[in-house]
Amino acid sequence: MAIDKNMRILVVDDFATMRRIIGGILRELKFSDIVEADDGVSAWDVLQRGGVDFIVSDWNMPRMTGIELLKKVRASPEFCDLPFLMVTAESQQENILEAVQAKVSNYVVKPFTAATMQQKIEKIFGK
């Protein structure tokens, strides 16, 4: 199955610089429709407006963390199957396990390269 380069990707991170880096990597990988949110609460608002095909989220954020967002997405009948990539500095085994138990699609530990991001996305979309 080919990856749809036109899918809408929601990038969630409380640091604008990190959103810019992830967005740049996604554009380097030829994705063009990228929207941003600065925490889980604003990401949920973006999801409610519709049209998001894939979420790339940080773990540690104010108001609503990435793991809280993941659990909310998975609990929602409307969004439960949405691919979700966790991008985080959290590399402790228990955190990875918590994300896996919450049904994260895949997990990237910062820092990472464009090649790593591509591999994780390809794994999520079954390429």
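Residues numbered from 1 in each chain as written. Predicted model: local features only at pLDDT ≥ 70, side-chain atom pairs only at ≥ 80, totals over all residues. Heavy atoms only, no water.

> How would you explain the environment of D58 if you had to name every residue and give the values?
As for its placement among the helices and strands, D58 is situated in the loop between β3 (54-57) and α3 (66-75). A C-alpha to C-alpha distance of 9.8 Å links D58 and V109, two positions 51 residues apart in sequence. With sequence-adjacent residues up to four places away left out, D58 is seen in contact with V12, D13, D14, G66, M86, V87, T88 and K110. Within the local environment of D58, its side chain forms a polar contact with the side chain of K110, the two groups lying 3.2 Å apart. (Helix = DSSP H or I, 4+ residues; strand = E, 2+ residues; numbered from the N terminus. Contact = heavy atoms within 4.5 Å. Polar contact = N/O pair within 3.5 Å; in protein donor to acceptor, adjacent residues only side chain to side chain.)

> If you had to explain the packing of aromatic side chains to someone new, which residues and values would you point to?
All told, the structure shown has 3 aromatic pairs when counted by the stated rule. Ring plane angle 80 degrees and centroid distance 5.5 Å describe the contact between W44 and F79, whose orientation is recorded as edge-to-face. Placement of the pair is W44 in helix α2 (residues 40-49) and F79 in the loop between α3 and β4 (84-88), with a sequence separation of 35 residues. Here W44 and F79 have matching classes, each one buried. For the ring pair W59 and Y107, a centre distance of 6.4 Å and an interplane angle of 70 degrees mean the geometry is edge-to-face. Residue W59 is found in the loop between β3 and α3, and its partner Y107 is found in strand β5 (residues 106-109); the two are separated by 48 residues along the sequence. As far as the burial class goes, W59 and Y107 line up, both buried. (Phe/Tyr/Trp six-rings, centres within 6.5 Å; stacked < 30°, edge-to-face > 60°. Buried < 20%, exposed > 50% of the residue type's maximum accessible area, 1.4 Å probe, protein only.)

> Lay out α3 in plain terms, naming residues and giving numbers.
Every buried residue belonging to α3 is among G66, I67, L69, L70, V73 and R74, and all of these are buried. Buried residues of α3, seen end-on, are gathered within an arc of 155 degrees and therefore sit on one face of the element. On its buried face, α3 sits against β1 (8-12), α2, β3, β4 and α4 (93-101). (Arc of directions from axis to C-beta.)

> Please provide a residue-by-residue account of the pairing of β4, values included.
Taking burial as the measure, the 5 residues of β4 include 5 buried ones, the bulk of the element. Burial of β4 is two-sided: the residues F84, M86 and T88 facing one way and the residues L85 and V87 facing the other way are all buried. Where β3 lies against β4, 3 bridges are found, and the strand directions are parallel. Bridging across to β4, S57 finds its partner in M86. (Pairing = 2+ DSSP bridges.)

Bear in mind that shape data such as this cannot, by itself, settle questions of function.
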